[in-house]
Amino acid sequence: MERRDFIKIAGGTFLAGSACAYAFRFLTASNIDGLIVENLTTGRKYGMVIDLTKCIPGCTACVEACHNENNVIHSGDKRWDIHWLRKVTIENKLSPEVGKKEVLLLCNHCDKPPCAQVCPVQATYKRHDGIVIVDHHRCIGCRYCVIACPYNARMFNFKSEEEWHNKDHPKRSHGVAEACTLCAHRLDKDQPPACVEACRNVGTGAIVVGDLNDPRSEISKLVESRAVKRLKEDLGTDPKVHYIGL
Amino acid sequence: MFDLNKIKEKAYLIAALAAVVVILIPIGYSIVTNLFAGPPQPRPFLEMPDEKYKECVRETEFMRQHHWELLRTIREEVVRYGKRTDININKCRECHVSREGFCNRCHNSVNLYPDCFGCHYYPEPSEMAEKMRKSGDKAILFGQSIERLPDLSGE
Ligand code: SF4
Ligand code: SF4
Ligand code: SF4
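Keep in mind it's a predicted model, so treat the numbers as computed, not measured.

### Notes on the interface of chain B and chain A
Listed by partner, the interface residues are 24 residues for chain B and 28 residues for chain A. Taking both partners together, chain B and chain A bury about 2,400 Å²; carbon and sulfur atoms supply 54% of that area. The largest per-residue losses of area from chain B upon contact with chain A belong to Arg80(B), Tyr81(B) and Cys119(B), which jointly make up 29% of the total buried on that side. Residues Asp135(A) and Arg80(B) are paired through a salt bridge, measuring 3.4 Å at the closest nitrogen-oxygen approach. Taken together, the connections running from chain B to chain A amount to eight residue pairs in polar contact (both at pLDDT 80 or more). Put simply, the parts of the chain that give the side of chain B that touches chain A at least two residues each are α2 (60–81) and α5 (116–119) of chain B. Taken together, the residues of the side of chain B that touches chain A break down into eight nonpolar, six polar and ten charged.

What follows is the structure, given as structure tokens:
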């Protein structure tokens, strides 16, 4: 075959294939009227500020609210209990005069999430508004993300929750990984996340969730005006959960 | 000793026979099974909601064929893009009181076991019976009423 012929045939085939692929999208999408997904870009970037100076020692209102809202397993059995939000006590052994401190730990919704980078089926991903969540329909339970997360925020479902705490929200079946979703289902409806609401109801208001890109939001002002720290900033994951008084 | 041409001829003959057999087996199989299949399976009996719930989210004909595509599209929109609307998987339970009597009848008859409601909530039949008793709905529950679906089997 001549060189020119080969190039002609190859190019023609490529063009025809592209045209077919382009047409196929319309052919298959036309079944579902008016429901073709458009990529929404709201320009939002959700983040969280936790004011540890306000947080009441021993209070677990936010943890309970989170687990009830999202049907997270919390039967008290350590083998399969899952924590989307947990309170740990830390102590600096080198300077004991600082005393013990209670810190809330959860998924940091990293701007460069390692969990999403390692997921082989793109079940974990970053939404357009910066929330990192798992598509549990797609997760194959390989647990790569559990290992990749530097904050131990991911947990694996060894068992499905049996009780329905919140009947409007799904549970997860056994064999998928999960973590805090920043209550995406509530933020989409312009409601505050369950932990924020619970903390407000206790009268503390130590947790604030909002849009980091909006300079007028409460969270942006807090990040601007207070000394905030993030966990393991040196890793370059760019976490979006900020702590005051860590 | 060996006549190469004769061997070749035989080989071609065997190949041709094999090809005919390979083509004929599936055709014959379908003819024979059709002969002995008996009458077609009856349409599964579906328990429909009360008459006051007239409209589904789309026309009945569309829903019958494409409900799974609709659900899948909505799922993609909600999970990936956070576009939550009124129409979601929790809406089915507002009218279709019995999952056993509606979804599962068809799914079981075609040996299909989607597990949507392993994770999403669908009320227990007793809960739905209670709800119907309160609202005075006369939907079919547990096969207590007549079938209202038009017969679409073509006969
Ligand atoms: S904290 Fe862990 S689970 Fe959350 S986004 Fe970062 S890497 Fe992923
Ligand atoms: S466990 Fe699921 S979400 Fe995590 S990496 Fe594997 S497939 Fe992705
Ligand atoms: S934002 Fe929602 S999912 Fe995340 S810790 Fe708070 S209550 Fe739990």
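### Some points on the site of ligand 3
Close contacts around ligand 3 come from Cys66(A), Asn70(A), Trp84(A), Leu85(A), Leu106(A), Cys180(A), Thr181(A), Leu182(A), Cys183(A), Pro193(A), Ala194(A) and Cys195(A), and that covers them all. Here the shell around ligand 3 is built from residues that sort into ten nonpolar, two polar and no charged.

### With respect to the packing of aromatic side chains
Any aromatic ring pair is given by two values, namely how distant the centres are and how the planes are angled relative to each other. By the definition in use, this model includes three aromatic pairs over all chains. Sitting above the plane of the Tyr125(A) ring, Arg80(B) keeps its charged end 3.9 Å from the centroid.

### Here we look at the domain arrangement of chain A
By a widespread convention, an interface's size corresponds to the accessible area lost as its parts come together. Domain annotation of chain A identifies domain 1 (1–40) and domain 2 (43–244). Distance from the C-alpha centre of domain 1 of chain A to the C-alpha centre of domain 2 of chain A: 42 Å.

### Details of helix α6 (residues 194–202) of chain A
All names here are of chain A. When we look at burial in α6, the residues that qualify are Ala194, Cys195, Val196, Ala198 and Cys199. Where α6 is buried, its residues meet β1 (46–51), α2 (61–69), β2 (85–91), α5 (184–187) and β8 (207–211). Directly after α6, the chain includes Gly203, whose backbone phi takes a positive value near 100 degrees.

### What to know about the pattern of salt bridges
Using the criterion set out here, one finds 23 salt bridges over all chains in the structure. One salt bridge in this structure joins Arg84(B) and Asp188(A), with 2.6 Å as the shortest N-O distance. Of the two residues, Arg84(B) sits in the loop between α2 and α3 (92–95) while Asp188(A) sits in the loop between α5 and α6, which places them in two different chains. Linking Lys83(B) and Glu77(B) is a salt bridge whose minimum nitrogen-to-oxygen distance equals 3.6 Å. Classification of Lys83(B) by relative accessible area gives partly exposed; the value is 25%. Owing to a relative accessible area of 4%, Glu77(B) belongs among the buried residues under this scheme. Through salt bridges that share partners, Lys45(A), Asp111(A), Lys126(A) and Lys240(A) make up one connected network.

### Re a nonpolar patch on the surface
Residues and elements named next belong to chain B. Residues Val20, Ile23, Leu24, Ile27, Ile31, Val32, Leu35 and Phe36 make up a contiguous nonpolar surface patch of roughly 840 Å² in combined accessible area. Among the secondary structure elements, Leu35 is positioned in helix α1 (residues 4–35). Among the residues examined, Leu35 registers a relative accessible area of 65% and is labelled exposed.

### Topic: unusual backbone geometry
Positioned with a positive phi, Cys183(A) is a non-glycine residue whose angle comes to about 50 degrees. Summarising the element assignment, Cys183(A) is placed in the loop between β7 (177–178) and α5. Even without a glycine there, the phi angle at Asn111(B) is positive, about 60 degrees. Within the fold, Asn111(B) resides in the loop between α4 (103–109) and α5. Its relative accessible area of 60% is what places Asn111(B) among the exposed residues.

### A short note on the sheet that holds strand β9 (residues 228–229) of chain A
Residue and element names in this part refer to chain A. The four strands are arranged β8-β1-β10-β9 in an open sheet whose pairing can be described as mixed. In this open sheet, the two edge strands, each paired with only one partner strand, are β8 and β9. As paired strands, β1 and strand β10 (residues 241–244) are joined by four bridges and run parallel to one another. Of the residues in β10, the one forming a bridge with Met48 is Val241.

Rules used throughout
Residues numbered from 1 in each chain as written. Chains lettered and ligands numbered in written order. Predicted model: local features only at pLDDT ≥ 70, side-chain atom pairs only at ≥ 80, totals over all residues. Heavy atoms only, no water. Contact = heavy atoms within 4.5 Å. Buried area = accessible area lost by both parts, 1.4 Å probe. Salt bridge = Lys/Arg side-chain N within 4 Å of Asp/Glu carboxyl O. Polar contact = N/O pair within 3.5 Å; in protein donor to acceptor, adjacent residues only side chain to side chain. Helix = DSSP H or I, 4+ residues; strand = E, 2+ residues; numbered from the N terminus. Nonpolar A, V, L, I, M, F, W, Y, C, P; charged D, E, K, R; others polar. Near = heavy atom within 4 Å. Phe/Tyr/Trp six-rings, centres within 6.5 Å; stacked < 30°, edge-to-face > 60°. Lys NZ or Arg CZ within 6 Å of the ring centre and 35° of its normal. Domains from an automatic or database assignment. Buried < 20%, exposed > 50% of the residue type's maximum accessible area, 1.4 Å probe, protein only. Patch = residues over 30% accessible without salt bridge, like charges linked within 9 Å, V, L, I, M, F, W, Y side chains within 5 Å. Areas by Shrake-Rupley, 256 points an atom, 1.4 Å probe, with all protein chains shown as cover. Pairing = 2+ DSSP bridges.

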